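What follows is each chain in one-letter form.
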Amino acid sequence: MLFVAAGAHACLVPGAGGRSSHVLLALAAALLVVLPHLWTVLYLWGTGRAVRKEVEEKRASPRVMSGARRHRRRAVPPLLLASAAALGTLGLGNQALSSGATWLHPAAFFLTLALQAWALWAERKSLWLNAALLDELDRR
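Residues numbered from 1 in each chain as written. Predicted model: local features only at pLDDT ≥ 70, side-chain atom pairs only at ≥ 80, totals over all residues. Heavy atoms only, no water.

Turning our attention to the confidence of the model for the protein. For the protein, the mean per-residue pLDDT works out to 86, and 92% of the residues sit at or above 70. Element-level mean pLDDT values for the protein span from 73 in helix 1 (residues 2–12) up to 90 in helix 4 (residues 104–139). (pLDDT = per-residue confidence, 0-100. Helix = DSSP H or I, 4+ residues; strand = E, 2+ residues; numbered from the N terminus.)

Glancing now at the packing of helix 2 (residues 19–56) against helix 4. It is the contact of helix 2 with helix 4, at a shortest axis distance of 11 Å, that shows an interaxial angle of 30°. Between helix 2 and helix 4, the angle is such that the two are roughly parallel. The handedness of the crossing between helix 2 and helix 4 comes out as left-handed. Here H22, V33, P36, H37, T40, Y43, L44, T47, V51 and E54 of helix 2 come into contact with helix 4, specifically with H105, Q116, A119, L120, E123, L127, N130, L133, L134 and L137. (Axes fitted to C-alpha atoms, helices over the stretch in contact; angles between N-to-C directions. Parallel < 35°, antiparallel > 145°, perpendicular 65-115°, else oblique. Left-handed = near helix turned anticlockwise from the far one by under 90°. Contact = heavy atoms within 4.5 Å.)

Look at helix 4: 52 Å from first C-alpha to last across 36 residues, which is about the 52 Å you get at 1.5 Å a residue. Those residues of helix 4 lying buried are A108, F109, T112, L115, Q116, A119, A122, E123, S126, N130, L133 and L137. (Expected span 1.5 Å × (residues − 1). Buried < 20%, exposed > 50% of the residue type's maximum accessible area, 1.4 Å probe, protein only.)

Looking now at unusual backbone geometry. A positive phi is found at K58, a non-glycine position, where the angle reads about 65°. Relative to the elements of secondary structure, K58 occurs in the loop between helix 2 and helix 3 (62–99).

You can see H71 is positioned in helix 3. Beyond its immediate stretch of four places on either side in the chain, H71 contacts L44, S126, L129, N130 and L133.

Here's what the structure looks like:
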């Protein structure tokens, strides 16, 4: 949401007067996009290791391991793409300030919004299914 606010701020407060507040909003927004996605990637990776350990100790079937891998493979690419796009949008904003090529920065912003929507959808679905998988392991 803060990412959208930073984009709206750029449209509503044009020029050098609002540039410093736009940069601060964009930096905070990028952190709020990147860090949760990376934490989710680490969580899915860690639960995958825990599931693998359960399978190796014969407390779970290999089917459970393939489910954990499937959830991770579904979520990680959109999460990493959305994170990279957010950081790339910041970099292109700096480039737009120095070179004057201002069309590329808003294009990257809209691409990042689309990737963020995809990442949130994939993340929600994968975390929901991963939680069900872990509940199934706990019941055993």
